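Listed below are the residues making up each chain.
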Amino acid sequence: MTQEKWGQLRQRLLKTVGQNNYTTWIEPLEFADLKDGVAVFNVPTNFMGNYVGQNFADLILYELNTAGTKVQRVAFRVAANTPARPTPRVVASESDSAPEAAGRHDALQAAPLDARFTFDTFVVGKPNELAHAAARRVSEGGPVTFNPLVLYGGVGLGKTHLMHAIAWELRARKPDLNVLYLSAEQFMYRFVQALRERKMMDFKELFRSVDVLMVDDVQFIAGKDSTQEEFFHTFNALVDQNKQIIISADRAPGEIKDLEDRVKSRLQCGLVVDLHPTDYELRLGILQTKVQQYRGSYPGLEIADGVLEFLAQRISTNVRVLEGALTRLFAFASLVGREIDMELTQDCLADVLRASERKITIEEIQRKVSEYYNIRLSDIIGPKRLRSFARPRQVAMYLSKQLTSRSLPEIGRRFGGRDHTTVMHGVKRIEELKSTDGQIAEDVEMLRRTLEA
Ligand code: ADP
Ligand code: MG
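A quick note: this is a predicted structure, and the numbers were derived from the prediction, not measured.

A.B. asks: Please set out the pairing of strand S1 (residues 30-35) residue by residue, giving values where relevant.
C.D. replies: Where S1 and strand S2 (residues 38-43) come together, 5 bridges link them in antiparallel fashion. Paired with Glu 30 across the bridge in S2 is Asn 42. The hairpin turn running from S1 into S2, its antiparallel successor, is 2 residues long, and Asp 36 in that turn takes a positive phi close to 50°.

A.B. asks: For the packing of aromatic side chains, give the residues involved together with the corresponding values.
C.D. replies: By convention here, two paired aromatic rings are described through the distance between centres and the angle between planes. Here the structure, examined in full by the defined rule, presents 13 aromatic pairs. When the ring of Trp 6 is compared with that of Phe 41, the centres are 4.7 Å apart and the planes differ by 55°; the resulting orientation is tilted. Of the two residues, Trp 6 is situated in helix H1 (residues 3-26) and Phe 41 in strand S2; the sequence distance between them amounts to 35 residues. Look at Trp 6 and you get buried, because its relative accessible area is 3%.

A.B. asks: Requested: an account of the sheet that holds strand S3 (residues 73-78), with residues and values cited.
C.D. replies: In space, the 3 strands of this open sheet follow the order S1-S2-S3, with mixed pairing throughout. Whereas interior strands pair on both sides, the edge strands pair on one side only; in this sheet they are S1 and S3. Recorded for the sheet is a direction-independent mean angle of 25° between the axes of neighbouring strands. The strands that helix H3 (residues 57-66) touches are S2 and S3; relative to S3, the one it contacts most, it runs at about 120°.

A.B. asks: Describe in detail the pairing of strand S5 (residues 179-183), supporting the description with residues and values.
C.D. replies: Among the 5 residues that make up S5, 5 are buried, leaving the element largely enclosed by the rest of the structure. Judged by which residues are buried, S5 turns out to be covered on both faces: Val 179, Tyr 181 and Ser 183 on one side and Leu 180 and Leu 182 on the other are all buried. As defined by bridge partners, S5 adjoins strand S6 (residues 212-216) across 5 bridges and the pair is classed as parallel. Across the sheet, residue Tyr 181 finds its bridge partner in S6, namely Met 214.

A.B. asks: Describe the pattern of salt bridges, with residues and values.
C.D. replies: If you walk through the whole model with that rule in mind, you get 19 salt bridges. As a salt-bridge pair, Glu 230 and Lys 204 come within 3.1 Å of each other at their nearest N and O atoms. Of this pair, Glu 230 sits in helix H9 (residues 225-240) while Lys 204 sits in helix H8 (residues 200-208); the two residues are 26 residues apart in sequence, bridging distant segments of the chain. Judged by its relative accessible area of 6%, Glu 230 is buried. Among the residues examined, Lys 204 registers a relative accessible area of 28% and is labelled partly exposed. Note that Glu 445 is salt-bridged to Arg 448, the shortest N-O span being 3.8 Å. Within this pair, Glu 445 and its partner Arg 448 are both found in helix H21 (residues 438-452), separated by 3 residues, close to a single helical turn.

A.B. asks: Describe the nonpolar core, and please don't skip the residues or the numbers.
C.D. replies: What tends to happen in soluble globular proteins is that the nonpolar side chains get buried as a cluster. Within the largest apolar cluster, 31 residues are counted, with the highest numbers of intra-cluster contacts made by Phe 207, Leu 213, Val 218, Phe 231, Ile 247 and Leu 267. Contributions of two or more residues to this core are made by strand S4 (149-153), S5, helix H7 (184-196), H8, S6, H9, strand S7 (244-249) and helix H10 (261-268). When residues in this core are grouped by element, the largest group, 5 residues, is from H9. Apart from the residues lying within four places of it in its own chain, the contact partners of Val 218 are Ala 184, Phe 231, Ile 247, Ser 248, Ala 249, Ile 256 and Leu 267. Core analysis: the next-biggest nonpolar cluster, separate from the first, contains 27 residues, Leu 322, Ala 333, Cys 348 and Leu 349 among them.

A.B. asks: I'd like a rundown of the environment of Met 1, residues and numbers included.
C.D. replies: Within the secondary structure layout, Met 1 lies in the segment before H1. Among the residues examined, Met 1 registers a relative accessible area of 26% and is labelled partly exposed. Residues Met 1 and Thr 69, 68 residues apart in the sequence, show an inter-C-alpha distance of 6.9 Å. If we ignore the near neighbours within four places in the chain, the residues touching Met 1 are Trp 6, Leu 9, Phe 31, Leu 34, Leu 64 and Thr 69.

A.B. asks: Give me the lowdown on unusual backbone geometry, citing residues and values where you can.
C.D. replies: A negative phi angle is the norm for most residues apart from glycine, just as the trans form is the norm for most peptide bonds. In this structure, Pro 148 follows Asn 147 across a cis peptide bond, with omega equal to -5°. Among the structural elements, Pro 148 can be located in the loop between helix H5 (129-139) and S4. Unusually for a residue other than glycine, Asp 217 sits at a positive phi of about 55°. Classification of Asp 217 as partly exposed rests on a relative accessible area of 28%. The phi dihedral of Asn 242 falls on the positive side, at around 65°, and the residue is not glycine.

Conventions and cut-offs
Residues numbered from 1 in each chain as written. Chains lettered and ligands numbered in written order. Predicted model: local features only at pLDDT ≥ 70, side-chain atom pairs only at ≥ 80, totals over all residues. Heavy atoms only, no water. Pairing = 2+ DSSP bridges. Helix = DSSP H or I, 4+ residues; strand = E, 2+ residues; numbered from the N terminus. Phe/Tyr/Trp six-rings, centres within 6.5 Å; stacked < 30°, edge-to-face > 60°. Buried < 20%, exposed > 50% of the residue type's maximum accessible area, 1.4 Å probe, protein only. Axes fitted to C-alpha atoms, helices over the stretch in contact; angles between N-to-C directions. Contact = heavy atoms within 4.5 Å. Salt bridge = Lys/Arg side-chain N within 4 Å of Asp/Glu carboxyl O. Core = buried A, V, L, I, M, F, W, Y, C linked by side-chain atoms within 4.5 Å.

This is how it looks when you write it as structure tokens:
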């Protein structure tokens, strides 16, 4: 491929990703090399390489192939002397450059917002309805009622999507508000940069002048003491001024290792809501919505009955994987000009399907449950009827029913040869307790998370 061809391709990418994303992520890419089916691009920083790799690699790959360049993979490397950038500034600060230099109102826009992450494109289901409702409320920009709002949940469940949606909505409704969205990683970079350049005053002023502060993936600052300290002060200063703070994390604040207690308790003061793992209905809903969106760019694309249901059933890890699968399917189908049927799906997604095949076993459940309740594995399986064994045993039975495809008699056999009615009773009991006993509900949820992780 020639530089010129890359130049043309970039223009097509501009159409797909929008000006904002383009300027920040695509334009700085410098085509370096194409060898053995790998297209290599120079990027100014590792961070940028990772980001582009995660978010745009599929798209770039698709455009390259559509344009007739046979490429299997794209790679990004940090070139020693990428000329495009005047300073080796961290990417996070690139779009806004130094505030005093830019001198524009949107100087605070630390991280670009993804145009696709709006409330319109967010599919609501049981697992995320609470988080969605809380996000909606905050996005109205009314009086601050809970501070901070903490959204937590596993990877790919929509935390970033919801945060961007809040930011978009606030911008539309309250254009005068200073809304600052950035990842905890970017917060740290800016902090370190301010230290290095002796601009701490500016840094503090900047962060204390925002009306809404959104920090994504706050678990990143765990164990990074001075960053945590600064974060804590920023946080307090904003809360004192009654400014809204929105935080996301990959687990509940209390469970983030190496996060200072005072930061934890600050986070827990607000409204903490979690995004649960997706269920089948939500996954199907998301797939259907995405198909609608794709239809615009791939007219005439046909999907056979049952394909979406199959994907929703089989890919239960996270939404990002689900989306990636769909993108790949569409790209592949349009390349070969075929309808998306089961056969094509199986061919095209063999690796994804294999990877998500990991089955949870009853043994695994029993082991995790006994660890969790700090009892011996033999006590879970054995005959003792002590309450302190019986309850964990029922939890394990319940999880076995929920997370494996084993029948009740089979489960009974694995629990020391118990009768299937005993298992049924145990499952029922936990179902009841889940709605009346908060502790049990929490235990079950925690265990499910660790098992599905
Ligand atoms: P997280 O930040 O929790 O790791 P993201 O917000 O980045 O996850 O979501 C991963 C991908 O899945 C994004 O492309 C996002 O748009 C999509 N996604 C997640 N949840 C939903 C949902 N409920 N509706 C539509 N898309 C979703
Ligand atoms: Mg995220």
